[in-house]
Amino acid sequence: MKQGKHNDMIRLLLNERKVKLSKEDRPKIFSKKEANKARHFHMSFDNYKATPLYSLDNLSKVLGVKKIFIKDESNRFDLNAFKVLGGTYAITKLICEKMNKDISEVDFNYIRKHAAEEIGNAPFITATDGNHGRGIAWAANQLGQKAIVYLPMNSAKRRVEAIRETGAEAIVTDVNYDETVLMAIEKAKEIGGYMVQDTAWEGYTNVPTWIMQGYTTMGMEVIDQLALQGYERPTHVFLQAGVGGMAAAMLGLFVNVYKDKCPKAIIVEPNAANCLFASAEIDDGRPHNVEGDLQTIMVGLACGVPSPIAWPIIRDNAEMYVSCDDAVAARGVRIFANPVGDDTKIVSGESGAAGIGVFSLLMGLDDFDEVRKVLGLDENSVVLFFNTEGDTDPVNYGEIIWNGKYRMPSKDQC
Ligand SMILES: Cc1ncc(COP(=O)(O)O)c(C=O)c1O
């Protein structure tokens, strides 16, 4: 099975470029040592607390696997998504570079005191679907600095408000995410601000690398939390992707920590913005863009340009690419919100729930018999998910839960 449509809702592509990495080839930027630095830094925040890892035991029985674990980022630092891990780490690395210090020598309070004298009053500038920008705006506020955040057309009111509430300037453009990034770059050049973007391009790799390193705090927490529950490692991990930064950071860390026993990674994207899937489909080993308005309810994943830092890590290590319809993510939102038996209820936004939506169909429909075999998904599987956001657009969340919006066609349900 190389590729299959199988179902109107889901397209699958087995990654035939996966390689067995030698020790030297494991991505050093996500070594355990680097990840420990990020975690150590985040632990210095006043409101640091590891986010919970829940085991959904009743759901795992229903879906036919041994364990379903969900790392719930919906309340990271009292914000609504994991993204702040990246923004805070990158901004601090930027300041440390100016101070000629290693980040392991400072903590967040120290940076708070010294930020202004190092970087003056030049603002941090970024483009965002919502979550990254909120993280940058929060970090800037904590440091007493200014942030200017650009959002693409049709951004949800609540996502814009959440950014403004931190004192940042939020500008909604009339173009898609990728073009909004270009506008932010122009602005940063024009006024001499610090561009803090979560994707990379030629000549701009430090900040996005630091952002991805910041994400590894959640990966390090998961590794410890699984071990505490007696699990040496998950057998499978579902990683949703926009530019691929989060997926590559988790995968890069897992390859370093679990080595030859790295879990099989399934990369999940929306049909409307499946740039990693499209890159794998073109199959020349290089990243490729997808264009269009990128409209999807999985707003955090609505990116058409893969990060060139993330792509090679995903290409070399992922097991499978999945591209899915909005109805699949909405199904995931409802699955998390309606726990089986006494499982924990998870409030998950559309981008956070895409993985469980896909998984529920892979396990439940006869169409996917062969896929389950290829992936080795069975009663011995220990499957890990990341709920990367809460209800960041509460209006759409309500539409999905209360009004059953974005229903699966009945022929594809299970
Ligand atoms: C909630 C959520 N999940 C996942 C992602 C994907 O992250 P990346 O763009 O690094 O692939 C994002 C990105 O904004 C997000 O907001």
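Residues numbered from 1 in each chain as written. Predicted model: local features only at pLDDT ≥ 70, side-chain atom pairs only at ≥ 80, totals over all residues. Heavy atoms only, no water.

J.: Explanation requested: the pairing of strand β6 (residues 147-151) in the structure shown.
T.: Along a regular strand, successive side chains alternate from one face of the sheet to the other. Among the five residues that make up β6, five are buried, leaving the element largely enclosed by the rest of the structure. Taking every second residue as pointing to the same face, both faces of β6 are buried, with Ala147, Val149 and Leu151 on one and Ile148 and Tyr150 on the other. The parallel pair strand β5 (residues 124-127) and β6, bridged by helix α5 (residues 131-142), forms a crossover whose chirality is right-handed. By the bridge criterion, four bridges tie β6 to strand β7 (residues 169-172) in an arrangement that is parallel. Among the inter-strand pairings, Leu151 is bridged to a residue of β7, identified as Val172. For the crossover that starts at β6, traverses helix α6 (residues 157-164) and ends in the parallel β7, the hand is right-handed. (Buried < 20%, exposed > 50% of the residue type's maximum accessible area, 1.4 Å probe, protein only. Helix = DSSP H or I, 4+ residues; strand = E, 2+ residues; numbered from the N terminus. Right-handed = clockwise from strand over helix to strand, strands pointing away. Pairing = 2+ DSSP bridges.)

J.: Just to check I follow, could you spell out the pattern of salt bridges for this structure?
T.: It is possible for side chains bearing opposite charge to pair when their charged atoms get close. This model, assessed by the stated rule, comprises 21 salt bridges. Ionic pairing is found between Arg76 and Glu221, a salt bridge with its closest N-O pair at 2.8 Å. Taken together, the residues Arg76 in the loop between β4 (67-72) and α3 (84-99) and Glu221 in helix α8 (residues 206-228) connect sequence positions 145 residues apart. Across the pair Arg372 and Asp369 runs a salt bridge, and its minimum N-O distance is 2.4 Å. On the criterion of helical spacing, the pair formed by Arg372 and Asp369 is a turn pair, its members being three residues apart in helix α14 (residues 369-375). Looking at Asp369, the relative accessible area reads 37%, which means it is partly exposed. (Salt bridge = Lys/Arg side-chain N within 4 Å of Asp/Glu carboxyl O.)

J.: I'm lost on the packing of helix α1 (residues 32-42) against α8 in this one. Help?
T.: The angle between the axes and the distance between the axes are what describe a pair of packed helices. Running from amino to carboxyl end, α1 crosses α8 at an angle of 95°, the nearest separation of the two axes being 8 Å. When the axis of α1 is compared with that of α8, the two are roughly perpendicular. Residues Lys32, Glu34, Ala35, Asn36, Ala38, Arg39 and His42 of α1 lie in contact with α8, whose contacting residues are Gln213, Gly214, Thr216, Thr217, Met220, Glu221 and Asp224. Partitioning the contact of α1 with α8 into residue classes produces three nonpolar, six polar and five charged. (Axes fitted to C-alpha atoms, helices over the stretch in contact; angles between N-to-C directions. Parallel < 35°, antiparallel > 145°, perpendicular 65-115°, else oblique. Contact = heavy atoms within 4.5 Å. Nonpolar A, V, L, I, M, F, W, Y, C, P; charged D, E, K, R; others polar.)

J.: Can you walk me through the environment of Asn176 in this structure?
T.: As for its placement among the helices and strands, Asn176 is situated in the loop between β7 and α7 (177-191). The exposure class of Asn176 is buried, given its relative accessible area of 8%. Between the C-alpha atom of Asn176 and that of Glu291, which follows or precedes it by 115 residues, the distance is 9.3 Å.

J.: What is the right way to read the side chain of Asn396 from this model?
T.: Turning to its location among the elements, Asn396 is positioned in helix α15 (residues 394-403). For Asn396, a relative accessible area of 11% corresponds to the buried category. Polar side-chain contacts of Asn396 include one of 2.7 Å to the side chain of Glu350. Excluding anything up to four places from it in sequence, Asn396 contacts Ile297, Glu350, Lys405 and Tyr406. (Polar contact = N/O pair within 3.5 Å; in protein donor to acceptor, adjacent residues only side chain to side chain.)

J.: Whenever I open this one, the site of the ligand confuses me. Can you help?
T.: Close to the ligand lie 15 residues, the nearest being Asn131, Gly242, Gly244, Met246 and Thr388. Separating an oxygen atom of the ligand from a side-chain N or O atom of Lys83 is a distance of 3.5 Å. Contact distances for the ligand include 3.0 Å between an oxygen atom and a backbone N or O atom of Gly245. Taking 390 Å² as the accessible area of the ligand by itself, protein coverage stands at 98%. The residue makeup of the shell around the ligand, split by class, is five nonpolar, eight polar and two charged. (Near = heavy atom within 4 Å. Areas by Shrake-Rupley, 256 points an atom, 1.4 Å probe, with all protein chains shown as cover.)

Without other data, these values stay purely geometric and don't point to any function.
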